[in-house]
Every structure is written in structure tokens, then in C-alpha cells.
4 protein chains.
Amino acid sequence: MKAVRLHKFHSTPVIDEVPEPTITGPLDVIVKIGGAGVCRTDLHIIEGQWDAAMGTPLPYILGHENAGWVHAAGPAVTNVAVGDTVILHPTPTCGLCRACRAGDDMHCVASTFPGLSTDGGMAEYLLTSARACVKLDPATRPQDVAALADAGITAYHAVRKAVPLLYPGTTAVVIGAGGLGHIGIQCLAALTATTIVVVDRNPAALKLAEQLGADHAIVADGGHVAAVRELTGGRGADVVLDFVAEQGAEADGWQMTGRAGSYFVIGYGGTVHIPTLDIISTERNIIGNIVGTYNDLAELMSLAQAGKVTLHTCTYPLAAAADALADLDAGRVRGRAILIP
Amino acid sequence: MKAVRLHKFHSTPVIDEVPEPTITGPLDVIVKIGGAGVCRTDLHIIEGQWDAAMGTPLPYILGHENAGWVHAAGPAVTNVAVGDTVILHPTPTCGLCRACRAGDDMHCVASTFPGLSTDGGMAEYLLTSARACVKLDPATRPQDVAALADAGITAYHAVRKAVPLLYPGTTAVVIGAGGLGHIGIQCLAALTATTIVVVDRNPAALKLAEQLGADHAIVADGGHVAAVRELTGGRGADVVLDFVAEQGAEADGWQMTGRAGSYFVIGYGGTVHIPTLDIISTERNIIGNIVGTYNDLAELMSLAQAGKVTLHTCTYPLAAAADALADLDAGRVRGRAILIP
Amino acid sequence: MKAVRLHKFHSTPVIDEVPEPTITGPLDVIVKIGGAGVCRTDLHIIEGQWDAAMGTPLPYILGHENAGWVHAAGPAVTNVAVGDTVILHPTPTCGLCRACRAGDDMHCVASTFPGLSTDGGMAEYLLTSARACVKLDPATRPQDVAALADAGITAYHAVRKAVPLLYPGTTAVVIGAGGLGHIGIQCLAALTATTIVVVDRNPAALKLAEQLGADHAIVADGGHVAAVRELTGGRGADVVLDFVAEQGAEADGWQMTGRAGSYFVIGYGGTVHIPTLDIISTERNIIGNIVGTYNDLAELMSLAQAGKVTLHTCTYPLAAAADALADLDAGRVRGRAILIP
Amino acid sequence: MKAVRLHKFHSTPVIDEVPEPTITGPLDVIVKIGGAGVCRTDLHIIEGQWDAAMGTPLPYILGHENAGWVHAAGPAVTNVAVGDTVILHPTPTCGLCRACRAGDDMHCVASTFPGLSTDGGMAEYLLTSARACVKLDPATRPQDVAALADAGITAYHAVRKAVPLLYPGTTAVVIGAGGLGHIGIQCLAALTATTIVVVDRNPAALKLAEQLGADHAIVADGGHVAAVRELTGGRGADVVLDFVAEQGAEADGWQMTGRAGSYFVIGYGGTVHIPTLDIISTERNIIGNIVGTYNDLAELMSLAQAGKVTLHTCTYPLAAAADALADLDAGRVRGRAILIP
């Protein structure tokens, strides 16, 4: 089959002809890929930023945002059958550790991460596990939802954790209305009646944010912390969801967070630097967020199939993976780039 | 009446003869002080560290940990009567703002802080509010419980917030087994079946910690982060309660916190400095804590009256306030110093 | 002033000329009534059904759903000022008991209930307490929101408790799309992305329900339990909110509730009769609900002022109170009847 | 191997020689039984009470409370290895349904129930699944913990759900200090600082209850509802855990439950019969409880291995199963009867 493989860091991945994966374990599932999202993390992988953490031997197939149809299944698989339309949780999990038994898939002690730690989904077929498969309405086009597999689940997971804090009358700030943020805004609008304030440098992103449910859009031009303070009567926001968390956003996000409020870190790259006196005197929290649970993804798909979360995508044939990566790197992609084998 | 007043920063408070307080508001309560705790915060006040935040005009009466008997009450007071034994929540609150209406007294938008923002309890009588009074069993000696009014409520509040995270099989680390920490250990033992690990520089404090319920005591000698990792099978603790949060404890505390765990900041003085990648890749949280609710104090008194939380105290007559402050500053106080008018 | 007083059970209330109320307590507030809702409970009061529980001496003024403008305020009132537009929590509370200190106003051990236990709001002026006043945008017309003071808060309180159970993919059934139910539907739509199924005998009520956010409307014609089972793939609903709870609805509601689900009782009049084996073998819950907290009402007003909850009302002059009660009794009122002094 | 099989309802089970089970599925585990609890449910099974619900063809092996050592394991088993000491969750689950993915094992849509729906553990070997195995300290004797597999997990699950309601100052009533109840008392004492009140007809059971942590013991002699009211200042209990729920206990339990309190149904056999007005006017809840999650069992074993929950047992050789059942039926068993193959 054809697959997009990385052979060398700092070099463009290549379309290779490789053997199709085969079922070896009882819970193995092979998925015929219908859509594979292209993500900034793929650029970071190519640049070698994940090599220290993952140490995955090259070459291997990229692609960690995948949806398609079940092509083959091991003998113990009972939740999906050949032909089913599926979206894949990014990290197939063991199902037996404490975290898996509590539903906290993202803390499984023995998960894999196709596209980062093993062969991913920028290919005709992907080997995954029954535990990663969320079955979809057969009418769903995988290419339309693939990006929810990673960007979507991460945004949803953070918003869902924030829901109990966001009763009517509260304010939630979303920093960054890009790939994850624009999903987060839709999740906030679907799950809460909070006032949604979106902060971004890009006026076009803010315009989209307003269409997706933002009550207020603020250009991140230096006056944005003050603007949030003003919108909240000087109190600051109850929740700040920071999808950027670098280049100063992490300091701004904390400053926007009001007394007894919570600052949710979702993006990364920066460093929080906060006196403990500031933390205790206002009783504010900093909440970490990473991917999400299997049930988070299932819930998000329920929102997507009800039309409450939609994605802007542009598609490329698998063979044009290099173009998609180049366009993403150059800022030429509107919405999410999706490869279609 | 006699009262301990601060006339000048960096100078010892003085015993003054001042007028007794009088009832002016409908919810006013005057308490005859039975015990007033002496706290490190009093030393910080004397050094002027709170002047910028509070700006309280000198001279004023110190003392923010108070218990005694109701001496007089305004016409709208229905929860206590003259003669009742009471311990006082440190911040009399308005009762009408959203935070008060949600039970979050410590976030009242219009509270006062006797001993910091107004006259405190190192005196024969204190003016407070009905909303600050927790009624006690008449057999209680105020001097035995006064220190629970601030040190106690703060430790209890943090532990109570952590309880849902501390199911059997988890590990909680307490950093600092001093005034607050030794109450926190007792609260953990009373409210959870978690494994309690206490870290302190002082072997005598650790010995007390073990008597109070610590399962493991670790000397903070440089190997303590590794020791916590080892005790938890390499995973780190589920919860770290940091009663120090300065001088490196704040970095150690974060390092001791395991994946999906929470680092509770209760002490202050230091600065957390953490890459956002560290926060998200492990989904750890930093939880702020300040004082506690009125109901927290009532619950803590329930523990105290059942003998599940006890305090080590040494008493001084009110006239010896300067000695108590000097002993505290010099590290000569075992347990908590209490002034008795 | 003019007031609608009940002089005798089973007889029509009368418009009397009575003295205006006066401020006597420090937290007293007198509200000039702008709108007073007429509720089925008023019919029950007239029939004497509440006499055993309340024992309120006749004659007294009816009216427990009130909104208006602050006319006078006691000396300790700080949350509202003369001229403010306000809606009133139905039970002025003590502010000092455990329940009040936890925010659970409806469990205050010393509350009153104007319109049931003391003079109510079907009058030109009403005596209430600062603790009952929720301040509104001055542009709000009291007559447009008065019915939220009791019907609204009750529906909102139940829905808010159910929110954590109603993640995307779940199903909530609303039994009864009348006065409370039609507010409950709007609250569900505003606060969750659950699938909303409404069951009512009245096709017109179901039509309104669909306009207000119901995903499915089912006529209660005997096949409705089976219909809910079918809509949920045989599993039953995750949450059933029963605004009727009499005449068989209480049996139907339990049968519609799926394994691990919760049956919320909000209406009353019937009796649940359930084998304990049924309760444990499916681990279902029965959840009681009564009025709501002060903050519930404040949150609901936030929804109302954002246009997310609207009421259908028809107004009557105060002098036509007897007509309004008669119309309600005869089923001639569309939406909620509101008296305007 | 030898096994205790039921051949006919209303007739004593027989020791048969049957083939040992074999591994056929990838997650299968065969456990050499070290202890199998004898439960009242076994008596009910023999009487045919479970036939309608289960329809399990006779003959089959009884025994649903099992612990032992892993004897063989399928190829996909990674959480235990041959030789490991294990206790078994009563219902091996699919691991793939929404409930399993949320950690709610007891609501798995495809679980089995060895001893009720398939061959159980009153035998030398039992076929189960990796998902049912909780690995224990190798020093644990299976016979000492087997009864925690069903009686224990059920009591623990109910208590754990009640913990957030049982802050210091509250009161919890335990109805029934027998097999489940005496574990429930220990769990309450380990996990909360609530006041524990135990109600039982049997003075010996009450004596044991006091040794295990009960603060008050009340003989169920007709005055027990009034006694609970009196102990709680007339308010009733915050939580009632009813391990009986038949023969009037279900009415008493509800009456003992205070305003805003929760009545937990754990036993079964009776019928609750409650006006909806009673439910709403006091906002009380009825909470169903069944078995528990895998993690509940793991947590309970953590309590047991710390010595915080202990069981009274008397052992019988497997060949004496008929004696054990007869002794249980006749009320001659002190603690829990355990069969040892």
C-alpha cells in the first residue's frame, strides 16, 4: 500500500510502497483510512522535536488523526465489524490498568500513539485496536471528521472539564481560535450558557469565532488583558482556556483569570512563572489538559453528528502529503488539511 | 480594656489601655477573648509586609486567631447568644454577594479581616459579626482551639478539597509538618484512607507527624523527591499539599506530583516556574488554597470536639505578648503560642 | 394599599384596602410589585390544602411569585437600593444556618414563605428581605419575569442538578410541558446537548415544546413509555424530569428511566411504589427537588436576560385577581397569568 | 476436578467430578480457587428465586465470591501472570461498552456472572477473565478475603458513593450489621469522620458494630426511628445505608432520612411506597446500589491489606459445602462461611 513515511528529520516525508498491516493480536483492527488529518505536530515531528520523548525508529508512517472503515478485525473484537465507519482515539490503550479501568484512557500506562510512536494513518490502511474504534453513523464521511480525532478530542476534553465551573452568568475566555480553539468555542456554546470571549491575533479567526458562538471577540493587540477585565466588571474570567500557552499567552491567560477562577493550559511551548502568593491569595488554579478519554471522543462525535460541532477542512490526495505539509507550514491552510488515500 | 497594638512597623507591639468596642450594627457581636493565637503572619505584619496590601492605619490591635465567649450581640443576631462559647471565622463577611450565597466565604467581596484590616483579638474584647461566630460546646476552652480559627481552617479547607482525589491506594504528600501541616495530617487521617507521606527538614516535626497519622516520614535533605518517587513506585503522589511553598519546596512539590495528580499550594513566598509542556503532557494541576468557608470551620470544630484533631499549644498572658512574639521569632515556641487576656 | 386577601377557604379572595407594610428589621426590604404570578398552588391554598402544613391565620395576602422595584430598605441592606428592579426568591432566609451558609437556601431552618406563610405579593407592596432580592437590569419589566420567581427557579434547580448526568449522547425526558416544564425544556437546551424528549397529553403543549428545543415530542396516550424505550434503543432515558408526578406519571417516569439513570421528582400528588429489587438491580435513583437556591434564581435571570429562557404570559390588573384565578382553574390561561397592581 | 453443582432446585448441591475448565479466549484466566464464599444468594439460587432472571441450565457450579491463584492465562492477558494471588470481580466484563469505558463495570452490557449465569467458584478451578482479576500481595490468603469479592465490593461501593455527603458533623445510619453491613461500617470509619449509627435486631451484631467503629448502636425494637431522630436533634440522618430493605426496614430507612438527605438502598426484598409530596417537600433522594466497579474492589483490597477492613470467617472444606449451606440457612454461621478446595 501507499504510505507517507518520514525517513530523516528535517526532510520531507516520502510516499512509499509498504506492506499492508496484518492482524496478529485478538483485539487488533485494521482500518481502511478515509481521512488523515495534517497537524502542526507533524511539522514538529519532522523537525525532530518529539525524537527525545518517543525515540521511534525511522522510517515510519505519520498520521495521528484518523478515520475510515474497518477492514479486518481480530477474533476478540466485538464492538465493531468489517465495514463499519469509525473514528480512532489517538492512543490505543491496554484496558487493564487503573486509568483504563477508570475511563481515563489518556493516562493508560501502556498505550501506543500511532503516527508518533508507531506507524500512523497517512496510508491506505492503519493497524489499531478495538479499544480505539468509535463506531459512527455509516453515512459519515471519514474525511469530514478525521480532525476531531486529536484536535477535537483535546478541545472537547478541556471544555467538558470546565463545564461545572461555567454556570449562567460566568465568563469563559478562549485564547486562540485556531484548529483546537474553534472546536472549543463550539463545544462551549453547545454545553454551557456561559459568556464566551475569544482572544486571537488574527481578525479573520475572530470573525469565524463570532459565527461559531463567541459573544465577544478581542484582538490580542496588547490591550486584551485589560479588555477581559473590563468585560467582567474588573473581576477577570471564571475560566480561561489557553489553546496557545506560549509567547506570552501563558502570562496573559493567568492575568485574565479572576479570583477563585481556573486557568486551563491546553497549548504548550511557554512557561508559567507565578509567585505562590498570587496563587493562594486569590485561590486560583492551573489545570493541565491532554487529549481526552475514549468516551470524550464518542461524546464529541455525538455533537458532530447533531451538527453542533463542524470543521472547516481542505482535502489533498495522499500523494500530495508534501504539499499539505508545506501549505500548513506556510500558513496557507484554511481550516484543517486532510489527506485522502 | 487592655490590647496589644502595633504603633510602628519594625517595632514591638505595646499593651495599651483602649476603649472597649461597642455594638453599632444589627449583626455586630462582641466577644470576650479566651484565647488569641500568635502566628508568623503577626511577625510579617510587624515587619510591614502586609502594609501595601492592607494599608491599615496604625496603631491597631493585632490578633486574627480568636475564640472566646459572646459578650454582647446586635438586635438581628440569632445564631448565638450572650454567654455562648465561640470560635471566630477570620473574615466576617457580607452574606449577600454571590460568593457568600454559594458558601464561599473566603471570596466575599466585602469582608474584613480583624487583626489585619481592623482591630483584632489580642485584647480583652473583639468586635466581630454574627456571620463569623461558630458556636461551640460550652465545655470547650477557647485557648485550646483558638489556633484552629486560622491555621486550622486553612489546613482543613485544602484537605477537604483534596478528599475526592484520595481514595484508598493513593498517596498524599504533606510538605511541612509545622503549625498548619500538623493539622493537615490529622485531617487527612480523619477524612481519608490515603497513604500519608510527610516531608520536613526537622526530625522532631517528623516524629510528631508519625504520631499524628503519617505513614511515612521523610527528612527534606535533598533526597526527598526521589524518596517520594520510590515510595510511589515511580509514579509520584496523587496529591501534594505544600504548606511551605517557598525556598525550593514549590519546585520539589511539583516534582513529587504524579501524572494526573494535583499540587496544592497553601504556603507562600516562592515562585512556581513550570513549562506549559510539563503541565499538559502529564495533565497535572496546581490548586490554590486560601483560608476556608464558615462551614469548613464548623466541620473542623466537629473533628476537634471528637478528639480527631488536637493542637499543641503553649499559653502566655496577654501582657506577655511581646515575649510570645519574640519566642515565635526565635523558634522557641513548641506548637502554637496562645495569648490569654 | 390594595391587596388580594383570602378570608375563607373555598371562597374567592377579595380585594381589600390594607395598610402598607413598613420596615422594622435591618434587612427588611419593601418592594413595589410590578408583577405577581398566579399559580396552581394559589388554587390549592384556596381549597385549604396547605392549611395543615402552614396554619397561616386568615385573612392574608396571596402571591408567591413576585417581581418589582425596591421601595424602601432597612439600614443593613447593601445589595439593593431604592429604585432597583428586583425579582424575589420565594423564601426569605436567615443567612446563618448551615444550609444558608452552604448556599442551600431552600433548606434554611428559619425561612418564611410570603404568599403561603405570611402576606404575599398580590398587592401594591410586599415586605421581604434583602436576602430574597435578585437585582435585575433596570430595563427588565417585572411582569415579564415574575413567574420565574417560583415556577422558573424550581424547573431550573432540577435541570441544573441533572446537568452532570446529561453529556452528549444521553437522553432526558421531560414529563409535562406546562408552566414548569416549558421552562425546564429551555433550561435543558441552554445548559446541555442532551436529546430532549417531551411527554404531555396536550398536543398544543407538545408543539410549543418543539419550538422551545424538544428533539422529540410524544403524546401521553398510553404508548409513551414504549415510545421512550424505542427512542433510546431499549435502554430508557438517562434522566427523567417529572413535572407531573401524579395520576400515573410517577409510575411511567420510573419505567422510562434506564439502568443507572435518575428519576427526578418535581411535581407531586402521586405515590411511588417500587420494589427495592428494582432499585438495586438497575442501580436507578429517585431524586427529590424543591424550589432552588438564591444563586439558582440569579443564574436563571442571567439566562432570561440573554433571551435563552422566555415566558408566555397574560396579564390582568390586580383588581381582576378573581378572574385570573377562575381562568386558571378553568384551563383558560395560555402561559402564565400575571397580576399587575 | 471436584465442584459443588446444583442439579435441581430445592435440593442440596452435590460434589461432582467435572472436567477442569480450559483457556479458549485471549483474555481467559483460570484461577485455582483458594476460598469461595457462601452467601445467602446461594440459598436463593437453590430455592429457584434467580431462575426467572438468569435461566441458567442445570446442573452448574455455584460460587460467586472467589479468590485464589492464577493457574493459566490466555495470550492477551497482561495484568496478571501464572502464580499471582488474585481476588475476582464478580462480573467479568466486555471492556468495550460505554459503561466499561467509563469504569462502571456493573453496568457492562455484556458481562457474565459466574456462580449465577455460568459455572462459579465452588470448585478447584474457575474460568474467568483478565478483566475480573485484582492482583493481591502474594502473602494474602485467598480464604481471608474471598468474601470481599461480592459482599465487600457491594458495601464499599455504596459507602464510597456516600462519602461526599458525609463531612464532619453529619450522621450516617447503617441498617443491618450483618455480612455486608459490618463491612460497610468499617468502610465508613476508614473513609469519613461522620457519626456512625448502626441499627440491627441482633444485640450481638450491634456489639460487633461498636467494635468496628459504630458511634451509636440501636436495637431495632420499634423505637429505632425515634431513636435516630433523637440522636440527630430531630433532623434525621444525612445518609441512611439500608443493607436490609425488606420487612419494614425500607419504610424505617426513609423515615430516618433527614431533609436534603439520601436513602441508599442496598438490600432488597421490600417495596418503597412514598408520596411524591414527601419526596419533593424535603428534597430527599433514594439511591440505588449494585455491586461495584473493578476499581472499587481494588480500593477495598487496599483497605483490607492495610488492616482497615477485616472479615470474620469460618472455613469448610469444599466437600462440606452442604454443611456450610445448611449452617448458613439455620443461622449457625458466625461471620462468613468460606469453602476451601
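Residues numbered from 1 in each chain as written. Chains lettered and ligands numbered in written order. Predicted model: local features only at pLDDT ≥ 70, side-chain atom pairs only at ≥ 80, totals over all residues. Heavy atoms only, no water.

What follows covers the packing of aromatic side chains. In this structure the tally under the stated criterion is zero aromatic pairs over all chains. Seen from the ring of Trp254 of chain B, Arg284 of chain B lies directly overhead, with NZ or CZ sitting 4.1 Å from the centre. (Phe/Tyr/Trp six-rings, centres within 6.5 Å; stacked < 30°, edge-to-face > 60°. Lys NZ or Arg CZ within 6 Å of the ring centre and 35° of its normal.)

What follows deals with the interface of chain B and chain A. The partner chain A presents 35 residues to the 35 residues of chain B that form the contact. Summed over both sides, the interface of chain B with chain A buries roughly 2,800 Å², with 58% coming from carbon and sulfur. Of all residues in chain B, Thr276, Ile280 and Glu283 of chain B give up the largest surface area on contact with chain A, accounting jointly for 24% of the area buried on that side. Across the contact surface, chain B and chain A share two salt bridges. A salt bridge links Glu283 of chain A to Lys161 of chain B; the shortest N-O distance between them is 3.0 Å. (Contact = heavy atoms within 4.5 Å. Buried area = accessible area lost by both parts, 1.4 Å probe. Salt bridge = Lys/Arg side-chain N within 4 Å of Asp/Glu carboxyl O.)

Okay, the sheet that holds strand E2 (residues 14-17) of chain C next. Residues and elements named next belong to chain C. In space, the three strands of this open sheet follow the order E2-E1-E4, with antiparallel pairing throughout. Of all the strands in the sheet, the pair left with one neighbour each is E2 and strand E4 (60-61). Bridge analysis of strand E1 (residues 2-6) against E4 gives two bridges, and the strand direction is antiparallel. Its bridge partner lying in E4, Arg5 is registered against Ile61. (Pairing = 2+ DSSP bridges. Helix = DSSP H or I, 4+ residues; strand = E, 2+ residues; numbered from the N terminus.)

Turning our attention to empty space enclosed by the protein. Residues and elements named next belong to chain B. Applying the stated criterion across every chain yields a total of 10 cavities of 30 Å³ or more. When its volume is computed, the largest cavity comes out at roughly 70 Å³. Taken together, Phe9, Ile45, Trp50, Asp51, Met54, Gly55, Thr56, Leu58, Tyr60 and Leu116 form the lining of the largest cavity. Broken down by class, the residue content of the lining of the largest cavity amounts to seven nonpolar, two polar and one charged. (1 Å grid on protein atoms, 1.4 Å probe; cavity = no way out; pocket = protein on both sides within 12 Å on 5 of 7 lines; lining within 4 Å. Points joined across faces, edges and corners; volume = space filled by probe spheres on them. Nonpolar A, V, L, I, M, F, W, Y, C, P; charged D, E, K, R; others polar.)

We now examine the interface of chain D and chain C. Accessible area lost upon the coming together of the parts serves often as the stated size of an interface. Between chain D and chain C, the contact holds 35 residues from the first and 35 residues from the second. Of the roughly 2,800 Å² buried between chain D and chain C on both sides combined, carbon and sulfur atoms contribute 58%. On the chain D side of the interface with chain C, the three residues burying the most area are Thr276, Ile280 and Glu283 of chain D, jointly 24% of the side's total. The interface formed by chain D and chain C contains two salt bridges. At the junction of chain D with chain C, the criterion picks out 28 residue pairs in polar contact (both at pLDDT 80 or more). Elements supplying a minimum of two residues to the side of chain D that touches chain C: helix H5 (151-162), strand E13 (257-265), strand E14 (271-275), helix H10 (276-282) and strand E15 (285-288) of chain D. Broken down by element, the residue count for the side of chain D that touches chain C peaks at six residues, all from H10 of chain D. Direction of pairing for strand E15 (residues 285-288) of chain C relative to E15 of chain D: antiparallel, over a ladder of three bridges. (Polar contact = N/O pair within 3.5 Å; in protein donor to acceptor, adjacent residues only side chain to side chain.)

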